[in-house]
Amino acid sequence: MAVSVGGDNTDKPLSDINTTPLVDVMLVLLIIFLIAVPVVVENIKVKLPDVTFDPTTTKPENVSLSVRGGPDGCEVYWNKTRVDSKELLDRAVEKLKAEIDRQGGPNAPGVELPEAHIRGDVDTPYRCIGGTIFTMQQAGFAKVGFISEPPPGGNIERL
């Protein structure tokens, strides 16, 4: 601990601060945090899937949607027909009802629901694709997937 003894006989108040205790406390806190942080941070181990191209089987009952961002907002196309969000919801509900009725009704055994396949442009804002996913799920589509293009010259594994 440092002690300051005034050498001159002036009665000025002492304005020097002893920083040694402050540095000691800061070093102790630093060591405590260095030890405690790795214990607090928990990682959940997750095995992420490998990104490979899986060929999709196109069924006639599946819905093909294309989404892109346009100058006046989001553009959604049902096959090649442009639709707005209300028309997309109405068409999706009608398509799902028609497919369920074609297979014998909702209580028929082995009813396979159609899927929605979305092709999204690379430059499309997420809100456009997210809104399309939400609308299709709201209509009752349980499976909504993305169609992607494999990298050129990439290896394609066939199962």
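Above this text sits the structure in question.
For the structure given in this document, a descriptive report is provided here.

Conventions used here
Residues numbered from 1 in each chain as written. Predicted model: local features only at pLDDT ≥ 70, side-chain atom pairs only at ≥ 80, totals over all residues. Heavy atoms only, no water. Helix = DSSP H or I, 4+ residues; strand = E, 2+ residues; numbered from the N terminus. Buried < 20%, exposed > 50% of the residue type's maximum accessible area, 1.4 Å probe, protein only. Patch = residues over 30% accessible without salt bridge, like charges linked within 9 Å, V, L, I, M, F, W, Y side chains within 5 Å. Areas by Shrake-Rupley, 256 points an atom, 1.4 Å probe, with all protein chains shown as cover. Salt bridge = Lys/Arg side-chain N within 4 Å of Asp/Glu carboxyl O. Core = buried A, V, L, I, M, F, W, Y, C linked by side-chain atoms within 4.5 Å. Contact = heavy atoms within 4.5 Å.

**Here we look at the side chain of Glu99**
Right, on to step 1. Among the secondary structure elements, Glu99 is positioned in helix 2 (residues 85–102).
Right, on to step 2. For Glu99, a relative accessible area of 7% corresponds to the buried category.

**Looking at the environment of Gly140**
Right, on to step 1. Looking at the element boundaries, Gly140 is found in the loop between helix 3 (126–139) and strand 5 (144–146).
Right, on to step 2. Residue classification places Gly140 among the partly exposed positions, given a relative accessible area of 32%.
Right, on to step 3. Expressed as a C-alpha distance, the spacing of Gly140 and Val93, which sit 47 residues apart in the sequence, is 7.1 Å.

**Remarks on a nonpolar patch on the surface**
Right, on to step 1. Together, Leu22, Val25, Met26, Val28, Leu29, Ile32, Phe33 and Val37 give the surface a local cluster of nonpolar side chains, amounting to about 750 Å² of exposed area.
Right, on to step 2. Relative to the elements of secondary structure, Phe33 occurs in helix 1 (residues 20–40).
Right, on to step 3. On the accessibility criterion, Phe33 (52% relative accessible area) is exposed.

**Observations concerning unusual backbone geometry**
Peptide bonds are trans in most cases, and residues, glycine excluded, mostly fall at negative phi.
Right, on to step 1. Phi angles above zero are rare outside glycine, and Asn79 is one such case at about 55°.
Right, on to step 2. On the secondary structure map, Asn79 appears in the loop between strand 2 (73–78) and strand 3 (81–83).

**Description of the nonpolar core**
Right, on to step 1. With 18 residues, the main nonpolar core has Leu65, Trp78, Leu88, Met136 and Phe141 as its most contacted residues.
Right, on to step 2. The dominant element in this core, judged by the number of residues it contributes, is helix 3, at five residues.
Right, on to step 3. Excluding residues within four positions of it along the chain, Leu65 makes contact with Tyr77, Trp78, Leu88, His117, Ile118, Arg119, Thr132 and Met136.

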